[in-house]
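# Observations on chain architecture
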Amino acid sequence: MMNSGLRFNKTREIGGGMYKEVRLMGRGEMARRFYALGLLALATLMVALPGSSKTAYAAEVVEQIIVSGNQRVEATTVRSYMRVKVGQELTSAQIDEALKRLFATGLFADVTIRQEGRRVTVLVQENPIINRVAFEGNDAISNEDLTQEVQLSPRTVYTRAKVQADTQRIIDLHRRSGRFSAKVEPKIIRLPQNRIDLVFEIDEGPVTGIGGINFLGNDVYSDSDLRDVISTGETAWWKFLSSSDSYDPDRLTYDRELLRRFYLSKGYADFTVVSAVADLSRDGEEFYITFTVEEGPQYTFGAMEIDTTLEKLKEAELENTLKTKEGDIYNADFIDDTVEGLTFLAGIQGYAFAEVRPRVRRDKETLTAAITYKISEGPRVYVERINVNGNARTLDKVIRRQMKLSEGDAFNRILLKSSEGRINALGYFSSVEVIEEPGSSPDKTIINVDVQEQSTGDLSLGFGFSSVDNAVADASITERNFMGRGQYLRLGLSLAARRQTIDLRFTEPYFMDRNLSAGIDIFGTETDFQDEASYDSRVTGFGFRFGFPLSSRSRLTARYTLRMEEITNVASTASLFITERSDIRSSIGFNYSLDRRNDPVRPTRGWDFNFDQEFTGVGGSVKYLKSKADWRMYHGFNEDFQATLGLSGGYVDGIGQKVIINDRFFVGGSDFRGFERAGVGARDLETDDALGAEAYAIASAELTFPNFLPEALDIDTSIFVDAGYVGLSDDEDIFSSTGTALTEVEDKLAPRLSAGLSVYWKSPFGPVRLDFSHAFLKEDYDKTEAFRFSAGTRF
C-alpha cells in the first residue's frame, strides 16, 4: 500500500446553503494530490498487466483504528458504525462503504478516513446540537403550531436535510392558510461547544384570495348553484373571519369530490370533473379557479335485485331495507345507505361476516341503472388486538369503552364504524382514525385507533342582549376530560338584569367502570318576576343523579334534589295570592329520552322524545307531582326545505295541597311565540299579575326555507305556527266582608294561536335570533309580543 494514504473528503453545507465551507487546496497540497493519483493509476495499470505481481498490492490487515475530532459521540460508537474491526483486511471499497455509513447516521457534517499502512485514522466533524428553535415574522400561524409541525427541536442533531424539510413544511402551512407568497429563510447562530440556535425568518405575505370561481361544461346547474356545493368561496368583505375564501390546493381536491357527490346524488352517474385549474393574477393577490365538468345525462333507477344464499335472511325484510326504488332518480347516496342497511340486517340475523356488493348496470339508451345486491358470507375474521395510539393524556380505558368490538370478538365493519363515531363524539380529539391491518394469521385482524388530542378545557366569557333579560353576561370554567378520565366538571356564573345563576356540576360517565353515569349538582338562582307577578324568587340546593342507557338510542336518568325556594320582595300592590314564604323541597324524579334523529346537531330525518317527572314530598314542606313531555319530528324535503313538528305538554298536581306559584308553569316567550313570558295563563286582573298555569299543551310547526342570501352569511329563515291551551289554576276570586271583589282571576282554558317569521344568523360575533310574530287567537287578558330579539357572543 501507499504510505501517502487514501483520503475521502466531503464539502460541508449548513443552513440550507447559507453557511457553506469548502476546503481549498494550496499548491503543495494540490501537487501531492496529483502525485498520489499518478501512483494510484500506475499501480492499477501494473495490476492489470499479465504476469504482474498481485501480492504487492494486497489489502492490509488493520492493527489500529484511531478516531479524532469527536466530542459527543464515543470512539467505539464511530467504529461500530464503520463495521471495520482490528484484525480484518481493509480494501478501498470497504473504506468507501464505511464512509457512506458514517454520513448516513446524520451525526457528522464531515468525515475523512485515511489509511496509513496498518493504521486507519478517522477524522470526524460532528453536526452541531440545536440549542433553540425560534420563529420570527409569523403572525398568521402561532409559534406553538409551527413547533408541532417541524422535525427539529432543542437537543436534537442539526442536519441540512431536516432544515430543508422543515422550511418546506412551514411554506406549505402558510399556503394552506392562503398565503402563497410566503417565504422562509433558515439561519443559524453559532454557540460554544458546537451548539447553534436555529431561526426561521418568515415573510408571510398577504392572504391570496379567490377573485372568481367559474365552471365550464355545466348546463343543468348554474355557476351559482355549483358555488354553493363546493367548500371554497369567493373573497368578500363579510368573510373576514372565514378561511374558505383563500386558495388551498387540498381544498380544491376536496371540492372536486364534493361536485362528484352532488351530481351522483342528482342522477348524473356519468359525471366527471375534467379539470380544476387555479390561475394566479398578475399582481399575485388573487386566484381565479375554473372547473371544467362533463355532466352527462340523468339516470333513473332500473330493476332492483337481491342475490343471496344466506338462509336466515327473509325476502320481505331485505326489500324493505332497499333505499333504491325502481323509477326514482339515481342517487349514489341511496346505494351506500342500502349497503349499510343490508349489512346491518345480516349482522342482526347472525351473519357477522356478511359482505354486500352492489353491481350497477347502466343502460345508456334507456338511461336507467339496474342494481344487483350480492349478499354473501365473507371470510371469518376475529379481532386479534386493539391498539390505541396518540392518547398522551386520555386514559386507554376511556377510549376502549367506546369500542363496540373487543379483542377476540368477530370482526364487524358496522360496529367498527359505529365505534369510530362514538370516540369522535367524545369531543376529546381533533382527529380520530380507526384502521384495520392484517393480524398474525389470515383469520385475524388488528385494529389501530389513532387519535390526536385537543384541548378539552374551556374558559369562556359571554355577553349578550335580549328583549327579555336585557344585558346578559356569563363566565364558566369547563373541563370535559378531567384528569384524562372522561369526567365532566363545570363551574358557571351567569349575570343578567333579571336572573343570576351560579352552579357547579360534576359527572362521572362510567361510575364504577360500568355504563352508569353519576353526578352531583350544586346551584343557586335568583330571578326577578316583578314585571310578571310582582315578586322575586331565590332557589339554592344540591342534587345527585344516576343515568344509564336502555338501548343504543334511549336513556333513563334518576335524580334526587334538596333545595330551598323563597318568594321575596313581594310588592305591596301584588295579588293576594302572592305572599312571601320559604319552603324546603325534597324531590325524586326521572328523565327518559329517546333519540331517533339521523343527526343530533342538524337533523333532517327522525324524531326525539323526552319525558320528565318529579315527585316532591320525600320530606320537606311541599308536595306535588309534576310531569312534562316533549316530542319533535324532523323531515327534510330537500337541501333547502326543512320541516319541524313539535308537541309539548305539562301538568302539576298538588296532591291535596294548593300548588304554590313557584311550582306552576309560566308559558310564553320562546315557549309560545307571539306571547310575552308568562303572558298566557291565569291572571289577576286587579293587579295584572300572572298566576301561572297548572297545565299546558302546545303544538308547533316550523318550515325552514331558502332566503336567497349568500350562503356565506349563514342566515337561516323559517316560518312558524304555535297553537295550544294553557291554564287550570286553582286560584279563585277573593271578596271582602262587604262583598267587594279583592281579586278577579281570569283563567280560561281556551285555544291560542300565533304565527310568524324567525331569522337566525350565525354572525362572526355570535348567534343572533329575531322572531316576528302575531297572536291570531288570544284572550283579552293575555300579554302579546310582536318582536323578540336575542344576541350573544363567546370567547
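Residues numbered from 1 in each chain as written. Predicted model: local features only at pLDDT ≥ 70, side-chain atom pairs only at ≥ 80, totals over all residues. Heavy atoms only, no water.

Within the chain one finds 12 helices and 38 strands. By the burial criterion, 38% of the 795 residues in the chain qualify as buried. Counting only carbon and sulfur atoms, one obtains 53% of the accessible surface of the chain, whose full area is about 42,800 Å². (Helix = DSSP H or I, 4+ residues; strand = E, 2+ residues; numbered from the N terminus. Buried < 20%, exposed > 50% of the residue type's maximum accessible area, 1.4 Å probe, protein only. Areas by Shrake-Rupley, 256 points an atom, 1.4 Å probe, with all protein chains shown as cover.)

Glancing now at the pattern of salt bridges. On inspection of all chains with the given rule, the structure shows 42 salt bridges. One salt-bridge network, in which partners are shared between bridges, spans Arg 559, Arg 563, Glu 565, Arg 585, Asp 612, Glu 614 and Asp 663. (Salt bridge = Lys/Arg side-chain N within 4 Å of Asp/Glu carboxyl O.)

Right, let's get into the environment of Gly 646. As for its position among the elements, Gly 646 is in strand E30 (residues 642-653). Along the primary structure Gly 646 and Asp 630 are separated by 16 residues, whereas in three dimensions their C-alpha atoms are 7.4 Å apart.

Below, the discussion takes up the pairing of strand E10 (residues 195-203). Bridging between strand E8 (residues 129-136) and E10 involves 7 bridges; their strand directions are parallel. Residue pairing across strands places Ile 130 opposite Ile 196, the latter belonging to E10. Note that strand E9 (residues 183-191) and E10 share 9 bridges and pair antiparallel. Each bridged residue has a counterpart across the sheet, and for Lys 183 the counterpart in E10 is Asp 203. With antiparallel pairing between neighbouring strands as the criterion, E9 and E10 make up a hairpin whose turn holds 3 residues, including Gln 193 at a positive phi of roughly 60°. (Pairing = 2+ DSSP bridges.)

Moving on: the confidence of the model for the chain. For the chain, per-residue confidence averages 82 on the pLDDT scale, and residues scoring 70 or more make up 86% of the total. In the model, residues 43-57 has pLDDT below 50 throughout and makes 6 contacts with residues more than four positions away in sequence or in other chains. (pLDDT = per-residue confidence, 0-100. Contact = heavy atoms within 4.5 Å.)

A word on the sheet that holds strand E11 (residues 209-216). Spatially, the 3 strands line up as an open sheet ordered E11-E13-E12, and their pairing is mixed. Since the sheet does not close on itself, it has two edges, and those belong to E11 and strand E12 (272-280), each with one partner. Each strand axis lies, on average, 15° off the axis of its neighbour in the sheet, ignoring direction. Judged from the 8 bridges that link them, E12 and strand E13 (residues 286-294) form a sheet pairing that is antiparallel. In the sheet register, Thr 272 faces E13, and the bridge partner there is Glu 294. In the packing of helix H7 (residues 249-265) onto the sheet, the strands contacted are E11, E12 and E13, and the crossing angle to E12 comes to about 150°. (Axes fitted to C-alpha atoms, helices over the stretch in contact; angles between N-to-C directions.)

On the basis of which strands lie adjacent, the open sheet formed by 3 strands has the order E17-E19-E18 and mixed pairing. Edge positions in the open sheet fall to strand E17 (382-389) and strand E18 (429-438), since each of these has one partner strand only. Each neighbouring strand pair of the sheet contributes to a mean axis angle of 15°, computed without reference to strand direction. Pairing between E17 and strand E19 (residues 444-453): 7 bridges, direction parallel. Within E19, the position partnered with Val 383 by the bridge is Thr 445.

Here we come to a negative patch on the surface. A contiguous patch of negative charge, built from Asp 225, Asp 228, Glu 639, Asp 640, Glu 711 and Asp 714, is present on the exposed surface. With respect to the helices and strands, the residue Glu 711 is situated in the loop between strand E33 (695-705) and strand E34 (715-727). Overall, the relative accessible area of 52% leaves Glu 711 in the exposed class. (Patch = residues over 30% accessible without salt bridge, like charges linked within 9 Å, V, L, I, M, F, W, Y side chains within 5 Å. Lys, Arg positive; Asp, Glu negative; His and termini not counted. Charge placed at Lys NZ, Arg CZ, Asp CG, Glu CD.)

Here we take up unusual backbone geometry. Glycine aside, residues mostly have negative phi angles, and peptide bonds mostly take the trans form. The phi torsion at Arg 83 lies on the positive side, around 60°, for a residue other than glycine. Here Arg 83 is to be found in the loop between helix H2 (75-82) and strand E5 (89-90). Residue Arg 83 is classed as exposed on the basis of its relative accessible area, which comes to 61%. Of note in this structure, Asp 688 is not a glycine but carries a positive phi near 65°. Its location among the elements puts Asp 688 in the loop between strand E31 (682-684) and strand E32 (689-692).

Evaluation of the coordinates by the stated rule reveals 19 aromatic pairs. Seen in terms of ring centroids, Tyr 263 and Phe 271 are 4.0 Å apart; in terms of plane orientation they differ by 5°. Their pairing is stacked. With a relative accessible area of 5%, Phe 271 lands in the buried category. Members of the aromatic cluster, each reached through a chain of ring pairs, are Tyr 221, Phe 262, Tyr 263, Tyr 268 and Phe 271. For the cation-ring pair, Lys 626 lies above Phe 665, with the distance from its terminal atom to the ring centre recorded as 5.3 Å. Between the NZ or CZ atom of Arg 673 and the centre of the ring of Phe 720, over which it lies, the distance is 3.9 Å. (Phe/Tyr/Trp six-rings, centres within 6.5 Å; stacked < 30°, edge-to-face > 60°. Lys NZ or Arg CZ within 6 Å of the ring centre and 35° of its normal.)

This part is about the side chain of Gln 402. Following the sequence through the fold, Gln 402 ends up in the loop between helix H10 (396-400) and helix H11 (413-425). Gln 402 gets classed as buried once you look at its relative accessible area, which sits at 9%. With near-sequence residues (within four places) excluded, Gln 402 lies in contact with Ser 419, Arg 422, Ile 423, Leu 426 and Tyr 510.

The next point concerns the packing of H2 against helix H3 (residues 92-104). Look at H2 against H3: their axes get within 8 Å of each other, and the N-to-C directions meet at 120°. One finds that H2 runs oblique with respect to H3. Here H2 contributes Val 78, Tyr 81 and Met 82 to the contact with H3, which in turn contributes Ala 98, Arg 101 and Leu 102. A class-by-class count of the residues in the contact of H2 with H3 yields 5 nonpolar, no polar and 1 charged. (Parallel < 35°, antiparallel > 145°, perpendicular 65-115°, else oblique. Nonpolar A, V, L, I, M, F, W, Y, C, P; charged D, E, K, R; others polar.)

Since one α-helical turn is 3.6 residues long, residues separated by three or four positions face the same way. Here H7 spans 25 Å end to end across 17 residues, near enough to the 24 Å set by a 1.5 Å rise per residue. All of the buried residues along H7 are Arg 251, Leu 252, Asp 255, Leu 258, Leu 259, Phe 262, Tyr 263, Leu 264 and Ser 265. Buried positions along H7 lie against E11, helix H6 (223-229), E12, E13 and helix H9 (332-348). Gly 267 sits one or two residues past H7 and shows a positive phi near 100°. (Expected span 1.5 Å × (residues − 1).)

To continue, consider the pairing of strand E28 (residues 605-620). Note: strand E27 (residues 581-595) against E28, 10 bridges, orientation antiparallel. Opposite Phe 590, over in E28, you have Gln 613 as the bridge partner. Bridge analysis of E28 against strand E29 (residues 624-636) gives 12 bridges, and the strand direction is antiparallel. Counterpart to Gly 606 in the pairing with E29 is Tyr 634. In sequence, E28 turns back onto E29 through a hairpin of 3 residues.

What follows covers the nonpolar core. By size, the foremost hydrophobic cluster in this structure holds 24 residues, and its most contacted members are Tyr 535, Ile 661, Phe 666, Val 667, Phe 672, Tyr 696 and Val 726. Contacts of Tyr 535, omitting those with residues within four sequence positions, involve Asp 528, Phe 529, Gln 530, Ile 567, Thr 568, Asn 569, Val 570, Ile 578, Ile 661, Asn 662 and Phe 666. (Core = buried A, V, L, I, M, F, W, Y, C linked by side-chain atoms within 4.5 Å.)

With respect to the helices, strands and loops of the structure, Leu 318 is situated in helix H8 (residues 315-321). When the C-alpha atoms of Leu 318 and Ile 306 are compared, they prove to be 7.9 Å apart, with 12 residues separating the residues in sequence. Contacts of Leu 318, omitting those with residues within four sequence positions, involve Ile 306, Thr 308, Leu 313, Leu 342, Leu 345 and Ile 375.

In this model, H3 (13 residues) spans 19 Å end to end at C-alpha, consistent with the 18 Å of a helix rising 1.5 Å per residue. Residues of H3 that are buried include every one of Ile 95, Ala 98, Leu 99 and Leu 102, and no others. Viewed end-on, H3 has its buried residues packed into an arc of 105°, placing them on one side of the element. Of the exposed residues in H3, the ones pointing more than 90 degrees away from its buried face are Ala 93 and Ala 104. Those residues of H3 hidden inside the fold are in contact with H2, E5, strand E6 (108-116) and strand E7 (119-126). (Arc of directions from axis to C-beta.)

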